[in-house]
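Single-letter residue listing:
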Amino acid sequence: MTVFSVYVVNKAGGLVFQYDHQKTSIELEKTFSYPLDLKLEPQTDYVTVVFGQQDGIKVGHVILSVNGKPANGRKLQDGSDVMEFIENEKNYPLNIRFGRPKLSSNQKIMMASMFHSLYAISVQLSPESGSSGIQKLETDTFTLHCHQTVTGVKFIVISDPKQVGVDSLLARLYTIYSDYALKNPFYSLEMPIRTELFDSQVVAAIEQTEKVGS
């Protein structure tokens, strides 16, 4: 069981802290003959599988390397275009490694802002006043837990669906925020939290939760 990541979002929807605890990602490698029986599409940051999932390779996976050459976005390490290289029959057989795309810093900021908006919408949709907003979102691969303080700060934990003790972790994160951010004379309210002591306390709290819940 695992805690994947932690987000702290201020009352305006700005991301003030983010930590990825589980950095390992599932990667799949396969050798293909010509023609490639997957439909790929170049997007802003990656070449992405859009149709024809097979052998664990799913829609949404991106190309991480081709014939051992790491892919940097839509280019290989040697500067060649990923799509042009794959479409050239002379380069086959091809060994392609796939994986889930990693979120950039800008994407994480955007996701935090979007969740802030969804949270506000959920409160407005409630037929009764005083709604708590979104506290938990469940999928087959992860669960999102959220705790909002009385001042509007949101603590978000993304974990394995089977992970226990996340409510206690959220409470502990709030305490850490109060002790190591709000009480820090050098910290400006609503601004990103950048202190090693805060980081280390968050990591320790996560590891304790995983240990208890394993």
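Residues numbered from 1 in each chain as written. Predicted model: local features only at pLDDT ≥ 70, side-chain atom pairs only at ≥ 80, totals over all residues. Heavy atoms only, no water.

As annotated in an unreviewed UniProt entry, the chain carries the name Trafficking protein particle complex subunit and comes from Ciona intestinalis. Looking at the chain in UniProt, the text filed under Function (unreviewed entry) is "Core component of the TRAPP complexes which has a function of guanine nucleotide exchange factor activity for Rab1 GTPase. Plays a role in vesicular transport from endoplasmic reticulum to Golgi and autophagy. May play a role in dendrite postsynaptic membrane trafficking." According to the UniProt record, the Sequence similarities (unreviewed entry) comment for the chain reads "Belongs to the TRAPP small subunits family. TRAPPC4 subfamily." (UniProt positions renumbered as here; feature names shortened; annotations may be inferred.)

K.L.:
Sorry, what's going on with the overall build of the chain here?
P.N.:
A tally of helices and strands in the chain yields four helices and 12 strands. Reported as C-alpha extents along the three principal axes, the dimensions of the chain are approximately 60 × 40 × 35 Å. Out of the 214 residues belonging to the chain, those deemed buried represent 38%. Restricting to contacts in the chain with at least 6 residues of sequence separation, those with at least 24 account for 53%. Of the roughly 12700 Å² of accessible surface on the chain, a fraction of 53% belongs to carbon and sulfur atoms. Computed over 20 positive and 23 negative side-chain charges, the separation of the two mean positions in the chain equals 2 Å. (Helix = DSSP H or I, 4+ residues; strand = E, 2+ residues; numbered from the N terminus. Buried < 20%, exposed > 50% of the residue type's maximum accessible area, 1.4 Å probe, protein only. Contact = heavy atoms within 4.5 Å. Areas by Shrake-Rupley, 256 points an atom, 1.4 Å probe, with all protein chains shown as cover. Lys, Arg positive; Asp, Glu negative; His and termini not counted. Charge placed at Lys NZ, Arg CZ, Asp CG, Glu CD.)

K.L.:
Which parts of the structure should I look at to understand the domain arrangement of the chain?
P.N.:
Interfaces are often described in size by the accessible area the parts lose on coming together. Segmentation of the chain into domains returns domain 1 (3–23 + 104–213) and domain 2 (27–99). Between domain 1 and domain 2, the C-alpha centre-to-centre distance is 35 Å. (Domains from an automatic or database assignment.)

K.L.:
So what exactly am I meant to see when it comes to helix H3 (residues 166–182) here?
P.N.:
Within an α-helix, residues lying three or four positions from one another point in the same direction, as the helix has 3.6 residues per turn. In this model H3 runs 23 Å from its N-terminal to its C-terminal C-alpha over 17 residues, within 8% of the 24 Å that 1.5 Å per residue would give. Those residues of H3 not exposed but buried are Val166, Leu169, Leu170, Leu173, Ile176, Tyr177, Ser178 and Ala181. (Expected span 1.5 Å × (residues − 1).)

K.L.:
Help me understand the environment of Tyr19 in this model?
P.N.:
Along the chain, Tyr19 turns up in strand S2 (residues 15–20). Along the chain, Tyr19 and Tyr92 lie 73 residues apart, while their C-alpha atoms are 40 Å from each other. Sequence-distant contacts of Tyr19, that is, excluding residues within four places in its chain, are made with Phe4, Ser5, Val6, Val202, Val203 and Ile206. Here His21 takes part through its side chain, which lies 3.1 Å from a polar atom of the side chain of Tyr19. (Polar contact = N/O pair within 3.5 Å; in protein donor to acceptor, adjacent residues only side chain to side chain.)

K.L.:
Honestly, the nonpolar core in this entry has me stumped. Any pointers?
P.N.:
As a rule of thumb, nonpolar side chains are buried together in soluble globular proteins. Judged by nonpolar contacts, the single largest core of 22 residues is most densely connected at Phe17, Val157, Tyr177, Ile193, Phe198 and Val202. Mapped by element, the contributors of at least two residues to this core are strand S1 (3–9), S2, strand S12 (154–159), H3 and helix H4 (196–213). Ignoring any residue separated from it by four or fewer positions in sequence, one finds Ile193 in contact with Val16, Phe17, Tyr177, Ala181, Tyr187 and Phe198. Val49, Ile63, Val66 and Met83 belong to the second largest nonpolar core, which has 18 residues in total. (Core = buried A, V, L, I, M, F, W, Y, C linked by side-chain atoms within 4.5 Å.)

K.L.:
Quick question: what am I supposed to make of helix H2 (residues 105–125) here?
P.N.:
The terminal C-alpha atoms of H2, which comprises 21 residues, lie 30 Å apart, in line with the 30 Å expected from a rise of 1.5 Å per residue. Those residues of H2 not exposed but buried are Lys108, Ala112, Phe115, His116, Tyr119 and Ser122. Projected down its long axis, H2 shows its buried positions confined to an angular sector of 125 degrees, all on one face. Residues of H2 that are exposed and angled more than 90 degrees away from the buried face: Asn106, Gln124 and Leu125. Among the structural elements, S1, S2, strand S10 (136–138), strand S11 (143–148) and S12 are those in contact with the buried residues of H2. (Arc of directions from axis to C-beta.)

K.L.:
Sorry if this is basic, but what is going on with the pairing of strand S4 (residues 39–42) here?
P.N.:
Where a strand is regular, its side chains alternate between the two sheet faces. Pairing of S4 with strand S5 (residues 47–51) involves four bridges; the strand directions are antiparallel. Within S5, the position partnered with Glu41 by the bridge is Thr48. Between S4 and S5, which follow one another and run antiparallel, lie four residues. (Pairing = 2+ DSSP bridges.)

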